[in-house]
Amino acid sequence: MPTTINYALLESVLTAFEAAKKLLTTAQVSLSPEILFIEIRETAATLDCFVYDSSCQK
């Protein structure tokens, strides 16, 4: 069964995510350096590397 893609909806969701990321970046810059933020994608990639690649050096 073919799936139709609503490109207008995808575009609006992408725009919303970009706006949210911009606001988050602005908030991170304005906060003190002692407050650490965790980048979930980076953490997941690092963990995957250690789990699936025993020679991982990161």
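To start, this report covers the structure provided alongside it. Note that this is a predicted model, so its numbers are computed, not measured. Throughout this document, residue positions are counted from 1 along each chain, in the order its sequence is written. Selection of residues for local features in this predicted model requires a pLDDT of at least 70, selection of side-chain atom pairs for listing and counting requires 80 or more, and totals for whole chains, interfaces and linings are taken over all residues. Here the side-chain values reflect all heavy atoms present in the structure, with hydrogen atoms and water set aside.

### Details of the overall build of the protein chain
Helix and strand counts for the protein chain stand at 2 helices and 0 strands. Note on classification: 1.4 Å probe, protein chains only; a residue is buried when its accessible area is under 20% of the maximum for its type, exposed when over 50%, partly exposed between these limits. Buried positions account for 2% of the 58 residues belonging to the protein chain. Computed with the Shrake-Rupley method and a 1.4 Å probe, the accessible areas treat only the protein chains shown as cover for residues. Split by element, the accessible area of the protein chain, about 5,700 Å² in all, is 66% carbon and sulfur. Secondary structure elements are defined from DSSP: runs of H or I of at least 4 residues count as helices, runs of E of at least 2 residues count as strands, and each element is numbered from the N terminus.

### Some details on the layout of surface pockets
If you add up the space inside the largest pocket, you get close to 280 Å³. Taken together, the elements giving at least two residues each to the lining of the largest pocket come down to α1 (7–30) and α2 (40–52). With 6 residues, the top contributor of residues to the lining of the largest pocket is α1. Under this grouping Gly is polar, as are all residues other than the nonpolar Ala, Val, Leu, Ile, Met, Phe, Trp, Tyr, Cys and Pro and the charged Asp, Glu, Lys and Arg. Classifying every residue of the lining of the largest pocket by side-chain character gives 5 nonpolar, 2 polar and 4 charged. Definitions used for this entry: grid spacing 1 Å over protein atoms alone; cavity, a set of points where a 1.4 Å probe fits but cannot get out; pocket, an open set with protein on both sides within 12 Å along at least 5 of 7 lines; lining residue, one with an atom within 4 Å of a point. Grid points are joined across faces, edges and corners, and a volume is the space filled by probe spheres set on the points.

### Structural notes on a nonpolar patch on the surface
Only residues whose relative accessible area exceeds 30% and that form no salt bridge are eligible for patches; like-charged ones are grouped when within 9 Å, while nonpolar side chains (Val, Leu, Ile, Met, Phe, Trp, Tyr) are grouped when within 5 Å. We count a salt bridge whenever a side-chain nitrogen from Lys or Arg sits within 4 Å of a carboxyl oxygen from Asp or Glu. Side chains of I5, Y7 and L10 sit close together on the surface and give an oily, nonpolar patch of about 350 Å² of accessible area. Following the sequence through the fold, Y7 ends up in helix α1. Since its relative accessible area comes to 59%, Y7 is described here as exposed.

### A closer look at α1
The α-helix advances 3.6 residues per turn, and as a result positions three or four apart in sequence lie on the same side. For α1, which comprises 24 residues, the first-to-last C-alpha distance of 35 Å matches the rise-based estimate of 34 Å (1.5 Å per residue) to within 8%. Its side-chain oxygen placed 3.3 Å from the backbone nitrogen of A8, N6 serves as the N-cap of α1. In this scheme, a helix's expected span is set at 1.5 Å multiplied by one less than its residue total. Whenever two N or O atoms come within 3.5 Å, that pair is a polar contact, provided that in protein one can donate a hydrogen and the other can accept it, and provided that, for residues adjacent in sequence, both atoms are side-chain atoms.

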